[in-house]
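# Structural features, examined
So the chains spell out like this:
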Amino acid sequence: MYQYDNYDHQMLRDRVAQFRDQTARYLEGKLSESEFLPLRLQNGLYIQRLAPMLRIAVPYGMLSSIQLRKLAYIANHYDKGYGHFTTRQNIQFNWPALEDLPDLLADLAEVEMHAIQTSGNCIRNTTTDQFAGVAPDELEDSRSYCEIIRQWSSFHPEFAFLPRKFKIAVCGTKIDQAATQVHDIGIYLITGADGEVGFRILVGGGLGRTPILGKEVFEFVEKKHLLTALDAILRVYNREGRRDNKYKARIKILVKETGLEEFKRKVNLEWELIKDSSLQLTEEEISRCGSFFSDPAYQQLEDQPDTLKQQLSENILFTNWYEQNVNPHKKAGYSIVTVCFKATGVAPGDVSDIQLNALADLADKYSFGEVRVTHDQNVVLADVQQQELHSLWQELQSKAMASQNLGLMSDLICCPGGDFCALANAKSIPIAESIQRKFDDFDELKNIGKLSLNISGCMNACGHHHVGNIGILGVDKKGEEFYQVSMGGSSSNEASLGKIIGPAFAQEEIPDVIETIVGVYKSNRETGEDFIDTYRRLGIAPFKEKVYAKAD
Amino acid sequence: MQKLIKNGVVSNDNWTVLKVASGPEVLQAAPGKAMIIPLQLWKDFREEVEEYTGSIAIWLDSNETVDRIGPDLHTLPLIALNFPAFSDGRSYTSARELRESLNYEGEIRAIGDVLRDQIYYMSRCGFDSFALRHDQDPEACLAAFKDFKTGYQSSVAEPLPLFRRR
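What counts and how
- Residues numbered from 1 in each chain as written.
- Chains lettered and ligands numbered in written order.
- Predicted model: local features only at pLDDT ≥ 70, side-chain atom pairs only at ≥ 80, totals over all residues.
- Helix = DSSP H or I, 4+ residues; strand = E, 2+ residues; numbered from the N terminus.
- Rg over C-alpha atoms; globule rule 2.2 N^0.38 Å.
- Buried ≥ 20, exposed ≤ 12 C-beta atoms within 10 Å, placed from the backbone.
- Contact = placed C-beta atoms within 7 Å.
- Core = buried A, V, L, I, M, F, W, Y, C linked by C-beta atoms within 7 Å.
- Domains from an automatic or database assignment.
- Nonpolar A, V, L, I, M, F, W, Y, C, P; charged D, E, K, R; others polar.
- Pairing = 2+ DSSP bridges.
- Axes fitted to C-alpha atoms, helices over the stretch in contact; angles between N-to-C directions.

Below, the discussion takes up the overall build of chain A. For chain A, the helix and strand inventory stands at 18 helices and 21 strands. The globule rule puts the C-alpha radius of gyration for 552 residues at 24 Å, and the 23 Å found for chain A is close to it. The principal-axis extent of the C-alpha atoms belonging to chain A is close to 60 × 60 × 55 Å. Taken over 552 residues, chain A has a buried fraction of 53%. Excluding contacts between residues fewer than 6 apart, the proportion of contacts in chain A whose partners are at least 24 apart in sequence is 67%.

Scanning chain B for helices and strands turns up six helices and eight strands. The N-to-C order of helical and strand elements in chain B reads β-β-β-α-β-α-α-β-β-α-β-α-β-α. Compactness check: chain B gives a C-alpha radius of gyration of 16 Å against a globular reference of 15 Å for 166 residues, within 12% of the reference. With the C-alpha coordinates of chain B rotated into their principal frame, the extents come out at 55 × 35 × 25 Å. By residue count, 38% of the 166 residues in chain B fall in the buried class.

This part covers the nonpolar core. Counting residues in hydrophobic clusters, the biggest one holds 199 residues, and the most contacted among them are I201 and I233 of chain A together with F130 of chain B. Looking at this core, the element that brings in the most residues is helix α6 (residues 226-240) of chain A, giving nine residues.

Residue and element names in this part refer to chain A. The assigned domain composition of chain A is domain 1 (6-110), domain 2 (134-291), domain 3 (306-398) and domain 4 (413-551). Taking only C-alpha atoms into account, the centre of domain 1 sits 27 Å from that of domain 2. On the side of domain 2, five residues touch domain 1, which itself brings five residues to the contact. For the side of domain 1 that touches domain 2, the per-class residue count stands at four nonpolar, one polar and no charged.

Attention shifts here to the sheet that holds strand β15 (residues 379-385) of chain A. Pairing between the strands of a sheet is mediated by backbone hydrogen bonds and can be parallel or antiparallel. Residues and elements named next belong to chain A. Taken in spatial order, the five strands line up as β3-β14-β15-β12-β11 in an open sheet, and their pairing is antiparallel. The open sheet is flanked by β3 (62-64) and β11 (326-328), the only strands paired with a single partner. Geometrically, the sheet is characterised by an average inter-axis angle of 35 degrees between neighbouring strands, direction not taken into account. The pairing of β3 with strand β14 (residues 370-373) spans three bridges and is antiparallel. Pairing of S64 across the sheet is with E370, part of β14. The strands that helix α13 (residues 389-398) touches are β11, β12 (334-339) and β15; relative to β12, the one it contacts most, it runs at about 10 degrees.

On to the interface of chain A and chain B, then. Contact residues are listed per partner, giving 28 residues for chain A and 31 residues for chain B. Elements represented by at least two residues in the side of chain A that touches chain B include exactly α1 (6-27), α2 (33-41), α5 (143-153) and α6 of chain A. The greatest single-element share of the side of chain A that touches chain B, amounting to six residues, is contributed by α1 of chain A. Class assignment for the residues of the side of chain A that touches chain B results in 12 nonpolar, nine polar and seven charged.

Turning to its location among the elements, E222 of chain A is positioned in strand β10 (residues 215-222). Distance from E222 of chain A to T191 of chain A, taken between C-alpha atoms, is 9.9 Å for residues 31 residues apart in sequence.

Moving on, we come to the pairing of strand β17 (residues 453-456) of chain A. Residues and elements named next belong to chain A. Along β17, one buried face is formed by L453 and I455 and the opposite face, lined by N454 and S456, is buried too. Pairing between strand β16 (residues 413-414) and β17: two bridges, direction parallel. When the sheet's bridge partners are listed, I413 is paired in β17 with N454. As paired elements, β17 and strand β18 (residues 470-477) share four bridges and run parallel to each other.

All right, on to helix α11 (residues 316-325) of chain A then. Residues of α11 of chain A that are buried include every one of F318, W321, Y322, Q324 and N325 of chain A, and no others. Contacts made by the buried residues of α11 of chain A are with α10 (306-314), β11, β12 and α13 of chain A.

As a further point, take the sheet that holds strand β5 (residues 91-93) of chain A. All names here are of chain A. Read across the open sheet, the five strands follow the order β1-β2-β5-β4-β13; overall the sheet is antiparallel. Unpaired on one side and paired on the other, β1 (45-47) and β13 (350-352) mark the two borders of the sheet. Direction aside, neighbouring strands of the sheet carry axes that sit 30 degrees apart on average. Of the pairings in the sheet, the one linking β1 to strand β2 (residues 52-56) comprises three bridges and is antiparallel in character. Bridge pairing links L45 to L54 in β2. In this fold helix α12 (residues 353-366) packs onto β4 (82-85) and β13, with an angle of close to 80 degrees to the strand it touches most, β13.

All names here are of chain A. One non-glycine residue with positive phi stands out, namely Q117, at about 55 degrees. Within the secondary structure, Q117 is located in the loop between α4 (101-110) and β6 (127-128). The exposure class assigned to Q117 is buried, which follows from the 25 C-beta atoms found within 10 Å. Despite not being glycine, K478 has its phi angle at roughly 50 degrees, a positive value.

Shown next, in the form of structure tokens:
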């Protein structure tokens, strides 16, 4: 994990002092509401429906046990005892008081954490695959490049007042779990013609009102040019992105309106000017950042030891959890464990101070003191010895954290929605819960198999509904909450955007609608087909027919 | 006389910004002064500008790109970049392009909605004078230059990014 040096610490202290001063001036009335707004947003602070909301950055999802314990303290001391993992690998708190924030930020700074650029029209937290560094199918660990991008984008003086927010994701694994193609910039590590590893860079992906997949702007960029290429893209965007209409201000609209070829030409012109500047990465810097993500002290262990096989044969509950929540690791004798935070009746992504402390203890005991937050709002213990899986599972069970539904339909993504968010048109948490209650039988969930269900309470799409195999969007119709259902979305390597099935439904109709859709899949699937495969083979028509036939 | 911050100190402003001008008559009406005129006026009336008895500088709005200035860029003692709203970030890019791509060495002045909390980033992008919005206290704004001791990126004062200085 990256370790701050004196420079990083100094910048963080300066930022805390700066925001303390800004908050004081605002509370004294010396800074107007509108002038304070972008300053507080760039420090992660929203004013929400019920209270302020603070979004804390978790760079590319990595958290140490020390940081987890600090977050537990913050949940307990400044909030009502819980936080919320977001779809961008961050964590947010819904109840801190504005006047407490400078102290809260100072507490965070002690453990190398902050809320910088988690909101506002600037470059946000860079995200990546939660299996980075441990996945067996990885080309190279993406986290060191995420860290390089984090430093470049933090307090970037030129890009603090962009037309709109800007999100970057990096993916180094074959199976893309980072939703890379729906980011403003999506970066894939690839092998170039001469065998060197470099980057393929997509631009202009995004969800929201105008969902689009990113388009390739750089087919292959050498490692040393990562930052010069990003700087060139951002410069064209800052200069030319639309500022007349908030809904047309994302880079995806600029790319679309300019045309991909012309946009590429402009970026390349800019790139030529700065390619060989001091911004060109040095080999020393690449290896310095890489050194923070070298392998932990793995032991030489037998793969799939007999003890594990024995435990699996003896306990069906353990087997269920193992089959869903445990993934292969690059190192023999180790596994990747995902702790699923989607228990029925709990808002997806919600985590209590007790659970945060428990995660810290489990990370120390089983996984070299580190965890990763995933973009689907779960938490990964990346380096668990296979011979310890059973005792880890027992501990998770005793702490009610052994949900075995990872990747299944009830492991849904859901934004905070109208219960908390000032932007929402409709509630989303009760929809999630009603679906989880309808589908609470594990065998049935398992029979349905891999299915992503994503729920957003408004078209800003924090719940990524466009890329859910089934997507649900809350809409407001004359003051009443309705829900639009879409199908066929996917954030994987073969990313696709969902299609709306037809007229929206009332809240109480949704569980039955989902059941009908799943029923069509079950009666039409061929051997080995996941939900998305059957959908892609059949198209939307048979689903639509059944769903609306029932409604009539 | 209006105060401004220049090279890190509060000083008197000798320049007058001509916000709107349709033709060169305004120059004839106010001879011998230091005038910051709109880019377009400067481009359209070169002869009148040459004949002016005072000093001439130009200002660019945030939607005017610096490549429009053309080859006479280096004859200008000062270029002002406007912030129609403090949240409009385009002039940060213009300043960096002037300094880094076009090697402009004259004064780059921030005009318009110029506030205390943006001065630090502006200075890192190459602005060296700040005509603050009228309600800002120039003395109090001096503290902004010390908001951060250093940054990750390069700046005009620190031409190397931190990874080359570490």
